[in-house]
Amino acid sequence: MQKEFERRVQTVLTNLGADVKVVNRLTYSPSMIDWCDVVIPCGGDGTFLLAASKVRDSRKPVIGFNSDPSRSEGRLCLPKWCSHELKEALEAIKNGKFKWLHRSRIRTTLSSDERLRSGIPNIPIDLHKPILPRYNVCETNNNFSQNTEIANNSYGIEPLRESENPNRNDREEHIDRNNQPCIFKRVLPYLALNEVFIGENVSARVSHLQLTIDESSKPTRTKCSGLCVSTGTGSTSWHLSYRQFFSINCLLTQTVTELVNLWSERTGRAPPATEEAQLLTEDYNKGLIFPPDDNMLAYTVRELISGDVWPSQKDLRPRGFANNILVKSRCVDAGLVIDGGLSFPFNDGTEAFLEINPEDSLKTIALDE
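Residues numbered from 1 in each chain as written. Predicted model: local features only at pLDDT ≥ 70, side-chain atom pairs only at ≥ 80, totals over all residues. Heavy atoms only, no water.

Asker: How do you make sense of the packing of aromatic side chains when you look at a structure like this?
Answerer: In this description, a pair of aromatic rings is defined by centroid distance and the angle of the planes. Here the structure, examined in full by the defined rule, presents 3 aromatic pairs. An angle of 85° between the planes, with centres 4.9 Å apart, marks the rings of Phe98 and Trp100 as edge-to-face. A relative accessible area of 44% places Trp100 in the partly exposed class. Each ring, one from Phe290 and one from Phe321, has its centre 5.2 Å from the other, and the planes form 85°; the classification is edge-to-face. Of the two residues, Phe290 is situated in the loop between helix H8 (274–286) and strand E12 (297–301) and Phe321 in strand E13 (residues 319–322); the sequence distance between them amounts to 31 residues. Relative accessible area serves as the criterion here: at 8%, Phe290 is assigned to the buried category. When its relative accessible area of 47% is taken as the criterion, Phe321 is described as partly exposed. One residue, Lys21, lies across the ring of Trp35, its end atom 4.5 Å from the ring centre. (Phe/Tyr/Trp six-rings, centres within 6.5 Å; stacked < 30°, edge-to-face > 60°. Buried < 20%, exposed > 50% of the residue type's maximum accessible area, 1.4 Å probe, protein only. Helix = DSSP H or I, 4+ residues; strand = E, 2+ residues; numbered from the N terminus. Lys NZ or Arg CZ within 6 Å of the ring centre and 35° of its normal.)

Written out as structure tokens, the structure reads:
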């Protein structure tokens, strides 16, 4: 089905006079991106994220088609009717019958001193590969880099190169502060379209993170199950996890029903009908979504721990919006994960600065439903 859909797209584009080259994740390279005028991923949201992750030029359009709309939601792709009516959809695009949409993306800057520099390897771990080598804090950097490079070369992940884009991504600064250990900064060349997640690799282990929400606020130490920072595009993904049993922020109708029943018992008033609870749930969950071109970051501290010994942090809301976020790790074996696919070690002392810049946006289009 996938290959047949790709052939259909190729045929229609060729008939419209376009030069077409078909690639897969192994042959999808920067040279191919430079060659084309537009990138057209065919698949679901995962395929779209993979295609978009290598497009750093905010002027290069990425237009996704859902190859299996009956089984895939494809929120990042064009409306489902476009998959069934390829010729009409591509003709509409050729004739300019669409609206440009610039989806915001998160830029991540990692910082560490000279002693911790070996903890930020040149090649991230691809979480989509079948066998996952875990970060081992006892391994040397040479072993880590060698094992990761062998594991990821077959998956098309390229090492970070300082000469690749000196004006923006993949640059490294060396800052000497009064003869103190040098601070190394690296702007990652991977921009997050959905979200950045930071937390311990072992889910059962508590994540110790120091958070600064916007630069003017005070740092807050937290114990939690990780931090999820989302874009407007990602607000329909993990940030919401709509209609899923395992979610971060969305409510289930069952939860709302139980709450209104408790309210009814305390007030002596009749509880609303089940349909009303369902409507309340829908309204609340829809309120979590915000525009994909919004320049704000939505953050969620998962399962923030508070108690008598570790009281609730007054200056930190478990969920909110920010212009930028500074995260300092106090973790043992943590990862910083971009769009659920690429993971960098994020252990004790390492800092990450998350922000949205207009020049990092992803250029795509919107067609009427």
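Asker: I keep staring at the sheet that holds strand E11 (residues 227–230) and nothing clicks. Help me out?
Answerer: Sheet strands associate in pairs through backbone hydrogen bonding, adopting either a parallel or an antiparallel arrangement. Pairing within the open sheet is antiparallel, and its 7 strands lie in the order E5-E16-E15-E8-E11-E12-E13. What marks the edges here is a single partner per strand, and that holds for strand E5 (125–126) and E13. (Pairing = 2+ DSSP bridges.)

Asker: Looking at this structure, I do not really get the pairing of E11. What am I missing?
Answerer: Put simply, side chains in a regular strand alternate between the two faces of the sheet. By the alternation rule, side chains of E11 split into Leu227 and Val229 and Cys228 and Ser230, which are all buried. As defined by bridge partners, strand E8 (residues 195–200) adjoins E11 across 4 bridges and the pair is classed as antiparallel. Each bridged residue has a counterpart across the sheet, and for Glu195 the counterpart in E11 is Ser230. Note: E11 against E12, 4 bridges, orientation antiparallel. Its bridge partner lying in E12, Cys228 is registered against Thr300.

Asker: How should I be thinking about the nonpolar core in this particular structure?
Answerer: In a soluble, globular protein the nonpolar side chains are often hidden away together inside. Of all hydrophobic cores here, the largest spans 30 residues; its most connected members are Leu209, Tyr299, Leu336 and Phe346. Sequence-distant contacts of Leu209, defined by excluding residues within four places in its chain, comprise Ile198, Thr220, Arg221, Thr222, Cys224, Gly226, Leu227, Val327, Lys328, Ser329, Cys331 and Phe346. Ranked by size, the runner-up nonpolar core spans 15 residues in total, among them Ile63, Leu86, Ala89 and Leu367. (Core = buried A, V, L, I, M, F, W, Y, C linked by side-chain atoms within 4.5 Å. Contact = heavy atoms within 4.5 Å.)

Asker: Before we go on, may I ask you to explain the environment of Val196 in this structure?
Answerer: In this fold, Val196 is placed in strand E8. In this structure the C-alpha to C-alpha distance between Val196 and Thr231, which are 35 residues apart in sequence, comes to 9.0 Å. In this structure, Val196 is in contact with Ile106, Thr108, Leu227, Cys228, Val229, Leu336, Val337 and Leu354, ignoring residues within four places of it in sequence.

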